[in-house]
Amino acid sequence: MANESIITCLPLATFKEKQKDRDGGQRVFTVSPIRVDFYRLFRMITPPLLIPEVQNTDVLCTVVALYDVCLPEVGPEDVHSTVYSPGASTILLVRDEKGKTGRGLMVE
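Residues numbered from 1 in each chain as written. Predicted model: local features only at pLDDT ≥ 70, side-chain atom pairs only at ≥ 80, totals over all residues. Heavy atoms only, no water.

A. Spatial organisation of the confidence of the model for the chain. Predicted confidence across the chain gives a mean pLDDT of 84, with 85% of residues reaching 70 or more. Least confident of the elements in the chain is strand β5 (residues 105-107), whose mean pLDDT is 47; most confident is helix α1 (residues 38-41), at 96. Considering only residues more than four positions removed or in separate chains, one finds that residues 99-108, a stretch of pLDDT under 50, has 25 contacts. (pLDDT = per-residue confidence, 0-100. Helix = DSSP H or I, 4+ residues; strand = E, 2+ residues; numbered from the N terminus. Contact = heavy atoms within 4.5 Å.)

B. Molecular detail of the pattern of salt bridges. Counted under the stated rule, the structure contains one salt bridge. Among the ionic pairs, R40 bridges to D37, the shortest N-O distance being 3.9 Å. Here D37 falls in the buried class, since its relative accessible area comes to 2%. (Salt bridge = Lys/Arg side-chain N within 4 Å of Asp/Glu carboxyl O. Buried < 20%, exposed > 50% of the residue type's maximum accessible area, 1.4 Å probe, protein only.)

C. Local environment of the packing of aromatic side chains. Evaluation of the coordinates by the stated rule reveals four aromatic pairs. Judged by centre distance (6.2 Å) and plane angle (15°), the ring pair of F38 and F42 falls under stacked. Plain terms: the ring middles of Y39 and Y84 are 5.7 Å apart, the flat faces sit at 65° to each other, and that makes the pair edge-to-face. Linking Y39 in helix α1 with Y84 in the loop between α3 (76-83) and β4 (90-96), this pair joins segments that are 45 residues apart in sequence. Looking at Y39, the relative accessible area reads 24%, which means it is partly exposed. Three or more aromatic residues link up through ring pairs in this structure, and these residues are F38, Y39, F42 and Y84. Over the aromatic face of Y39 sits the side chain of R43, whose NZ or CZ is 3.7 Å from the ring centroid. A cation sits over an aromatic face here: R95 above F29, 4.3 Å from the ring centre. (Phe/Tyr/Trp six-rings, centres within 6.5 Å; stacked < 30°, edge-to-face > 60°. Lys NZ or Arg CZ within 6 Å of the ring centre and 35° of its normal.)

Right, here's the structure in full:
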């Protein structure tokens, strides 16, 4: 575990949306998977940003909020302590959300 990097950018992944659009086609989108060890990331003196123009604390809070929605019986404090624990890794699926509001990134 000591030799693993704090942030690992994984190969791009492509997905098809479940619902078809008005023309009967399926929209395809690509995500950039990023594996991150939040515990070690926040112990760096000058950590790099996981997502350009988004603070890493905001990314962590977003991950905790998404888990909290999916696992309401666990609670945000326990989710945070798990995601932020030594040795835990989280995989973020980040996609460029163009079209609706211009440039923006969405963590899935």
